[in-house]
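So you can see what is in the structure, the chains are spelled out below.
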Amino acid sequence: MYPLKQPFVTLEQLQEITKQYPTPFHLYDEKGIRENVRKLRQAFAWNPGFREFFAVKATPNPTILKVLREEGCGTDCSSLTELMLSHRCGFTGKEIMFSSNDTPAEEFRLAAQLGATINLDDFTHIDFLKESIGYIPETISCRFNPGGTFTIGESAEGFQVMDNPGESKYGFTREQLTEGFRKLKAMGAKRFGIHAFLASNTLSNQYYPTLAGILFRTAVELREETGCDIQFINLSGGIGIPYRPEQPANDILAIGEGVRKQYEEILVPAGMGKVALCTELGRFLLGPYGCLVTKVLHFKHTYKEYVGVDACAANLMRPAMYGAYHHITVMGKEDAPCDHKYDVTGSLCENNDKFAVDRMLPEVQIGDLLVIHDTGAHGFSMGYNYNGRLRSAEVLLREDGSTKLIRRAETPEDYFATMVFD
Ligand SMILES: *Cc1c(COP(=O)(O)O)cnc(C)c1O
């Protein structure tokens, strides 16, 4: 994590980079990514079977996926193309987790063909999977949804975590889990896993340990009820990042220790001290290690002060979609006082196309380069083509300071490629 929201590039570096790649583009920090994965693996090194399955949807880029593979990660997929992408990047068999929902038959077929671990979202998918692929795989996982609300009281860091599993479309109920395990066992499954994702973007070192407690107790009960051999427990995603400068970052080493405590209190005494842990982190793994680089095109002074940039919500949807905060640095003015209030806008004909509203920034000039932080996960990947806007390039800042184009920008030809002109 970069202290005080310092960008991971300097103005001088960006001036060089923008000579080669026109703005806007997403830039990723290879060094930061590798260090962060190593820290995650260190946090769970006490669990011999531990593996991170990177949530492909967060950053579906082949070069990034290959970097993650070199660092020992697998992938977590939830669609046909994500499976295909993982396969093309060299992931095979149990390096792929397929955690999907509302799943089409062809996706189960490809997942099974690749030997991926299938994580079922629903009780009825047991029969659907059997119909789709003709058998029940020997290794199978089920997603648990305990319902109700999920809260972690005021955490030590001063942030509360709350979410509503009872309102979420995912997973088996507790009763369905017992019934499902019995049914799967009768149909030939031998090795079982359980999975749950109960809260998103959590800023608390207690989220994983609390979730682990729930899953570990459930695993012990399920083994007693069904006799199933539970070999892995998947804590999924949900560890957050501090999008705002005043927010505290999660401490992954403390999180790993918190999970270890639960493991030793619950699983080990139950004779389940060999269970492997999995994670499917997206945001935590990559979010801070990407940014959107954009240039100021226009100023507009009406009822408010507007700064118009050359990126738009089609390049980064989170602010428009959820009102999400993304920190902005005006490059070269890092130490200037933030004494001007601006709305930073893109060009879409949608008034929610604003990267920031009433944001205090240093005085901005036309031509300034802005870094929009924390776009390394759920950034580029949520892009779309509204208003005929094209997806940007993705560039990797390598460990030696050089850059590599890891996805070219779309061209008008890409935009027209699927259209039918009679
Ligand atoms: C989106 C998703 C993730 C990753 O979530 P983050 O919030 O990026 O950590 C992991 N697992 C599943 C099944 C998901 O849908």
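Attention in this report is confined to the structure presented alongside it. All figures in this text were calculated on a predicted structure; none of them were measured in a lab.

Turning our attention to the overall build of the protein chain. If you tally the helices and strands in the protein chain, you get twelve helices and 19 strands. The C-alpha radius of gyration of the protein chain comes to 23 Å, within 12% of the 22 Å expected for a compact globule of 422 residues. In terms of principal-axis extent, the alpha carbons of the protein chain reach across some 70 × 60 × 45 Å. Taken over 422 residues, the protein chain has a buried fraction of 55%. Residue pairs at least 24 apart in sequence account for 70% of intrachain contacts in the protein chain once pairs closer than 6 positions are excluded. In the structure as shown, the protein chain presents an accessible area of about 18,500 Å², 49% of it carried by carbon and sulfur atoms.

Looking now at the environment of Tyr243. Of note, Tyr243 is situated in the loop between β10 (229-234) and α9 (252-267). Among all residues touching Tyr243, those that are not within four sequence positions of it are Lys5, Asn201, Arg283, Arg318, Tyr325, His326, His327 and Asp374. Reaching out from Tyr243, the side chain makes a polar contact with the side chain of Arg283 at a distance of 2.8 Å.

Before going further, it helps to spend a moment on the packing of aromatic side chains. Overall, the coordinates contain 14 aromatic pairs when judged by the stated rule. Taken together, the ring pairs in this structure connect Phe44, Trp46, Phe50, Phe150, Tyr207, Tyr208, Phe216 and Tyr263 into an aromatic cluster. For Arg143, the ring lying beneath its charged end belongs to Tyr170, and the centroid distance is 4.2 Å.

Attention now moves to a nonpolar patch on the surface. A cluster of nonpolar side chains, Phe416, Met419 and Phe421, forms an exposed patch at the surface whose accessible area comes to about 330 Å². The residue Met419 is located in the segment after α12 (412-416) in this model. For Met419, a relative accessible area of 35% translates into the label partly exposed.

Looking now at the pattern of salt bridges. Once the charged atoms of two side chains with opposite charge are near each other, the side chains can pair. Applying the stated criterion to the full structure yields 23 salt bridges. For Asp127, the salt bridge goes to Lys183, with nearest N and O atoms at 3.1 Å. Here the residue Asp127 occupies a position in helix α6 (residues 125-133), and Lys183 occupies one in helix α7 (residues 174-186), the gap between them amounting to 56 residues. Given the relative accessible area of 36%, Asp127 is considered partly exposed. For Lys304, the salt bridge goes to Asp358, with nearest N and O atoms at 2.9 Å. A residue pair is termed long-range when its members are at least 10 positions apart, and Lys304 in the loop between β12 (290-301) and β13 (305-309) and Asp358 in strand β16 (residues 354-361) qualify at 54 residues. With relative accessibility at 28%, the residue Lys304 sits in the partly exposed group. We classify Asp358 as partly exposed; its relative accessible area is 39%.

Once that is clear, we can look at the nonpolar core. With 86 residues, the main nonpolar core has Tyr208 and Ile233 as its most contacted residues. Other than its neighbours up to four places away in sequence, Ile233 contacts Ile194, Leu215, Phe216, Ala219, Leu267, Val275, Ala276, Leu277 and Cys278.

In the vicinity of the ligand, 14 residues are found, and the nearest of them are Lys57, Gly238, Glu280, Arg283 and His378. With respect to the ligand, the backbone of Gly282 contributes an N or O atom lying 3.2 Å from an oxygen atom. Interatomic distance of 2.7 Å between a backbone N/O atom of Arg283 and an oxygen atom of the ligand. Taken by itself the ligand offers 390 Å² of open surface, and the protein chains cover 91% of this. By residue class, the composition of the shell around the ligand is three nonpolar, six polar and five charged.

Turning to the side chain of Thr59, a few remarks are in order. As for its placement among the helices and strands, Thr59 is situated in the loop between β2 (51-55) and α3 (62-70). A residue is classified by how much of its surface remains accessible, and Thr59, at 2% relative accessible area, is buried.

For the rest of this paragraph, the subject is the side chain of Asn315. With respect to the secondary-structure elements, Asn315 resides in the loop between β13 and α11 (318-322). On the basis of relative accessibility, which here comes to 5%, the residue Asn315 falls in the buried class.

One can find Leu370 in strand β17 (residues 369-372). In this structure, the C-alpha to C-alpha distance between Leu370 and Gly115, residues 255 residues apart in sequence, is 44 Å. Contact partners of Leu370, with chain neighbours within four places excluded, come to Leu292, Val293, Thr294, Val296, Val309, Ile328, Thr329, Val330 and Val344.

On to the sheet that holds β10, then. With parallel pairing, eight strands are arranged side by side around a closed barrel as β2-β3-β4-β5-β6-β9-β10-β11. Between one strand and the next, the sheet's axes are offset by a mean angle of 25°, whatever the strand orientation.

With an omega dihedral of -5°, the bond running from Thr23 to Pro24 counts as a cis peptide bond. Residue position: Pro24 is located in the loop between α1 (11-20) and β1 (25-29). With a phi angle near 50°, Asp358 is a residue other than glycine that sits in the positive phi range. Backbone geometry places His378, a non-glycine residue, at a positive phi of 55°. Checked against the element boundaries, His378 lands in the loop between β17 and β18 (393-397). Judged by its relative accessible area of 13%, His378 is buried.

If you trace the backbone, Val275 turns up in the loop between α9 and β11 (276-279). Residue Val275 is classed as buried on the basis of its relative accessible area, which comes to 3%. With 130 residues separating them in the primary sequence, Val275 and Leu405 have C-alpha atoms 40 Å apart. Contact partners of Val275, with chain neighbours within four places excluded, come to Asn47, Ile230, Gln231, Phe232, Ile233, Tyr263 and Leu267.

What counts as what
- Residues numbered from 1 in each chain as written.
- Predicted model: local features only at pLDDT ≥ 70, side-chain atom pairs only at ≥ 80, totals over all residues.
- Heavy atoms only, no water.
- Helix = DSSP H or I, 4+ residues; strand = E, 2+ residues; numbered from the N terminus.
- Rg over C-alpha atoms; globule rule 2.2 N^0.38 Å.
- Buried < 20%, exposed > 50% of the residue type's maximum accessible area, 1.4 Å probe, protein only.
- Contact = heavy atoms within 4.5 Å.
- Areas by Shrake-Rupley, 256 points an atom, 1.4 Å probe, with all protein chains shown as cover.
- Polar contact = N/O pair within 3.5 Å; in protein donor to acceptor, adjacent residues only side chain to side chain.
- Phe/Tyr/Trp six-rings, centres within 6.5 Å; stacked < 30°, edge-to-face > 60°.
- Lys NZ or Arg CZ within 6 Å of the ring centre and 35° of its normal.
- Patch = residues over 30% accessible without salt bridge, like charges linked within 9 Å, V, L, I, M, F, W, Y side chains within 5 Å.
- Salt bridge = Lys/Arg side-chain N within 4 Å of Asp/Glu carboxyl O.
- Core = buried A, V, L, I, M, F, W, Y, C linked by side-chain atoms within 4.5 Å.
- Near = heavy atom within 4 Å.
- Nonpolar A, V, L, I, M, F, W, Y, C, P; charged D, E, K, R; others polar.
- Pairing = 2+ DSSP bridges.
- Axes fitted to C-alpha atoms, helices over the stretch in contact; angles between N-to-C directions.

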